[in-house]
Amino acid sequence: MRVEQAVGGVVAVAGLVTLQDGSQVFAKTLPGPALDVFVVEAAGLAALRDVGGSNTPDVLHASERLLVLEKMEPRRDDEDFWERLAHMVAALHTSTAGDRFGWHRDGRLGRLRQDNTWDRNGHRFFAERRVLRWLTEPPVEAAFDREERRALERLCAALPDLIPPQPPCLTHGDLWRENIVATGDGDPVLIDPAVSYCWPEADLSMLWSSPRPPASERFFAVYREIAGLHDGWEERMPILHLRELLSIIAHDDDDWGAAEAVRTVIAPFKRRSES
């Protein structure tokens, strides 16, 4: 058996494993205390495939210490690939509309808990379980002063005026470019989910706001044709991306400019006087 370690992950140690018969699998192990990260990940992959019809790798083994997946290939960053991805994500979002936000169990975003408690109010769900939930994490407390935290609270209070009502649907939950790979035939495959029923625009914000190749513009054009988007969706992307920015800070790694990005989004709310 031979292991070629992958680079880039901050939660698990991962790599491509060549077995004695020459076949290859992708495996991840978790250093430190045992968590339910891999069990939750496997359940999320199953939901995306079985409920949402998305391509996900076969799960060959899932336990607290080890996750073994079918080997996938790197994605192609051309317009054809991103168009195929748009069709898949649009089908996921439009075929899974629900009446509650959340999930039947809590999940993980990275190594930290994702609160998926059911709620029929999407604005309250996003405020309490996707934004304000991070304010008690020590690295986030250290990154922002009292007035900045109050600005985040004001923004959350204003969400009904900022985000149009949208029914929840099954979302990947961590849909940035590194969580998109490909089959041997070049079809898009989703990995590393943090699933819940949430606004479809929350998924889009991950792709829109994270670094991505120019060809990904085709994704948004095709997605809009298939699924439709409310006017002003581009302006909402930074607001919906707050959840990811705060999570980056909470994981206490390099914040990659996340704190400054948060400050930019909350600036109008920081300038409001205390009531």
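Anyway, here's the lowdown on the structure attached to this text. Predicted, not measured: the structure shown is a model, and the values here were computed from it.

### Here we look at the overall build of the protein
Thought 1: A count of helical and extended segments in the protein gives 11 helices and 11 strands.
Thought 2: Its C-alpha atoms give the protein a radius of gyration of 19 Å, near enough to 19 Å, the size a compact globule of 275 residues would have.
Thought 3: Of the contacts formed within the protein by residues at least 6 apart in sequence, a portion of 65% connects residues at least 24 apart.
Thought 4: Within the structure as shown, the protein displays about 12,900 Å² of accessible surface, and the carbon and sulfur contribution to it stands at 51%.

### With respect to the environment of Pro 214
Thought 1: Among the secondary structure elements, Pro 214 is positioned in the loop between helix H7 (200–209) and helix H8 (217–227).
Thought 2: For Pro 214, a relative accessible area of 73% puts it in the exposed group.
Thought 3: The spatial distance from the C-alpha of Pro 214 to the C-alpha of Met 237 is 17 Å, given a sequence separation of 23 residues.

### Observations regarding the pattern of salt bridges
Oppositely charged side chains can form a pair if their charged atoms are brought close together.
Thought 1: This model, assessed by the stated rule, comprises 26 salt bridges.
Thought 2: The shortest N-O distance in the salt bridge between Arg 212 and Glu 217 comes to 3.0 Å.
Thought 3: The exposure class of Glu 217 is partly exposed, given its relative accessible area of 43%.
Thought 4: A network of salt bridges, in which partner residues are shared, links Arg 76, Asp 78, Asp 80, Arg 84 and Asp 187.

### Overview of the packing of aromatic side chains
Thought 1: The tally for this structure, following the rule as stated, stands at 11 aromatic pairs.
Thought 2: With 5.1 Å between their ring centres and 90° between their planes, Trp 208 and Phe 220 make a pair best called edge-to-face. Taken as a pair, Trp 208 in helix H7 and Phe 220 in helix H8 lie far apart in primary sequence, 12 residues in all.
Thought 3: Taking relative accessible area as the criterion, Trp 208 reaches 26% and is therefore assigned partly exposed.
Thought 4: Across the ring face of Trp 208, the terminal group of Arg 212 is positioned such that the distance to the ring centre comes to 4.9 Å.

### So, helix H11 (residues 258–270)
Thought 1: Here H11 spans 17 Å end to end across 13 residues, near enough to the 18 Å set by a 1.5 Å rise per residue.
Thought 2: Within H11, the axis deviates most sharply at Thr 264, by approximately 40°, and proline Pro 268 lies no more than four positions further along.
Thought 3: Taken together, the buried positions of H11 are occupied by Ala 258, Ala 259, Val 262, Val 265, Ile 266 and Phe 269.
Thought 4: Tucked into the core, H11 has its buried residues touching helix H5 (146–157), helix H6 (159–162), helix H9 (233–240) and helix H10 (242–250).

Calculation criteria
- Residues numbered from 1 in each chain as written.
- Predicted model: local features only at pLDDT ≥ 70, side-chain atom pairs only at ≥ 80, totals over all residues.
- Heavy atoms only, no water.
- Helix = DSSP H or I, 4+ residues; strand = E, 2+ residues; numbered from the N terminus.
- Rg over C-alpha atoms; globule rule 2.2 N^0.38 Å.
- Contact = heavy atoms within 4.5 Å.
- Areas by Shrake-Rupley, 256 points an atom, 1.4 Å probe, with all protein chains shown as cover.
- Buried < 20%, exposed > 50% of the residue type's maximum accessible area, 1.4 Å probe, protein only.
- Salt bridge = Lys/Arg side-chain N within 4 Å of Asp/Glu carboxyl O.
- Phe/Tyr/Trp six-rings, centres within 6.5 Å; stacked < 30°, edge-to-face > 60°.
- Lys NZ or Arg CZ within 6 Å of the ring centre and 35° of its normal.
- Expected span 1.5 Å × (residues − 1).
- Bend = angle between axes of the 7 residues up to and from the residue.

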